[in-house]
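Reading the structure
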Amino acid sequence: MNMETTTQALNSQAAASDITPQAPVIEARNLDLTFQTNDGPVHALKDVSLEINKGDFVSFIGPSGCGKTTFLRCIAALEQPTGGALMVNGMTPDEARRQRAYGYVFQAAGLYPWRSIAKNIKLPLEIMGYSKAEQAARVEQVLELVELAGFGGKYPWQLSGGMQQRASIARALAFDADILLMDEPFGALDEIVRDHLNEQLLKLWARTDKTIGFVTHSIPEAVYLSTKIVVMSPRPGRIHDVIDSPLPKERPLDIRDSAEFIEIAHRVRDGLRAGHADD
Ligand SMILES: Nc1ncnc2c1ncn2[C@@H]1O[C@H](COP(=O)(O)OP(=O)(O)OP(=O)(O)O)[C@@H](O)[C@H]1O
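Residues numbered from 1 in each chain as written. Predicted model: local features only at pLDDT ≥ 70, side-chain atom pairs only at ≥ 80, totals over all residues. Heavy atoms only, no water.

What counts is decided by this rule: UniProt positions are given in the numbering used here, feature names are shortened, and annotations may be inferred rather than shown by experiment.
Looking at an unreviewed UniProt entry, one finds the chain named Taurine import ATP-binding protein and attributed to Phaeobacter piscinae. In its Sequence similarities (unreviewed entry) section, the UniProt record describing the chain reads: "Belongs to the ABC transporter superfamily."

Here it is as structure tokens:
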């Protein structure tokens, strides 16, 4: 095969792979979850169907108690659905958890106060049996990613709330899972800090190509961050609308003043209102 034909063959292979649809990273089909409580059954999720593809940044927005956290916890195999099907990387959530498919960032940073930032980040790596050298290398790498290089020796109380939340993101990134699940990570922070962390998170996402599932109550945050916005309606949590964002991947903060941004924000708000009216 001469050089030209080789190039042509490679080009056509590339073209073919461009059009070959990739299997979704997360696929929910008619997912249902009812909690049995002392006060009777609580129907938290109803008939939730959703596909999340590699590299998507998906935000879940909806009123309190509509099942956003529950859905994230199902993906992480922390809750068992009572109906429907859920696949993560083509596996059951439990298998995916065993393969360390995701890192999870909680509402509160949840750092151990008696461990330095570096030692907090190392904890999951120690449990997974990484060598000391590998632990140190990964800590350096993820601290760099969240712009906390040089802070590994500090203790959580020596860091601001925003820095602590970044440290907890670093901990979730440490074992390089493809999926990052984030449950209202910036909910407790003031707006300016939140804006800054939103910008940093977008850059981190662009650099690492992770698939992110992100729970928020903030419409601007959802629109600014996401490639896909899932609007949920009150209990039992259902998907009211799924918005594929037309915004470019590169997003300066002032994109929030653009007509396109405002239009998507309106659609989310209308969805939230209509969801309430469904009751
Ligand atoms: N382990 C549990 N046992 C019983 N009920 C539960 C459990 N976990 C959640 N629920 C109930 O399921 C519903 C959905 O809860 P979930 O935390 O997923 O909502 P949410 O949309 O994340 O709410 P918020 O925005 O307030 O964080 C709520 O009514 C909640 O009380």
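Now that the structure is up, let's keep going.
1. A look at the nonpolar core
Put simply, the rule reads: Working definition of a nonpolar core: buried Ala, Val, Leu, Ile, Met, Phe, Trp, Tyr and Cys residues. They are joined through side-chain atoms within 4.5 Å. Buried, partly exposed and exposed residues are distinguished by accessible area as a fraction of the type maximum, computed with a 1.4 Å probe on protein chains only: under 20%, between the cut-offs, and over 50%, respectively. Contacts: residue pairs with any heavy atoms within 4.5 Å of one another.
Ranked by internal contacts, the top residues of the largest apolar core, which has 52 residues, are V223, I229 and V268. When residues no more than four places from it in sequence are discounted, the contact partners of I229 are S59, I61, A222, V223, D241, V242, I243, I264 and V268. Among the nonpolar cores identified, the runner-up in size contains 28 residues, and I26, F71, I179 and M232 belong to it.

2. Some details on the sheet that holds strand 2 (residues 40-52)
Cut-off, in case you're wondering: Strand pairing is assigned whenever DSSP identifies at least 2 bridges connecting the two strands. Only runs of H or I of at least four residues qualify as helices and only runs of E of at least two qualify as strands under DSSP, and these elements are numbered from the N terminus. For helices, the fitted axis covers only the stretch in contact; all axes are lines through C-alpha atoms, and the angles between them, taken along N-to-C directions, range from 0 to 180 degrees.
Pairing is antiparallel in the open sheet, where three strands are placed in the order 2-1-4. Among the strands making up the open sheet, the edge pair consists of strand 2 and strand 4 (83-88). Looking at each pair of strands side by side, their axes are set apart by 30 degrees on average, direction ignored. Sitting on the sheet, helix 2 (residues 68-75) touches strand 1 (26-37), strand 2 and strand 4, and the angle it makes with strand 1 is about 115 degrees.

3. Re the pairing of strand 3 (residues 57-61)
Counting buried residues along strand 3, five of its five residues qualify, which places the element largely inside the surrounding structure. The sheet contact formed by strand 3 and strand 7 (residues 211-216) spans five bridges and is parallel. For S59, the partnering residue across the bridge sits in strand 7 and is F214. Relative to strand 8 (residues 228-233), strand 3 is paired through four bridges, and the arrangement is parallel. The partner of S59 across the bridge, within strand 8, is I229.

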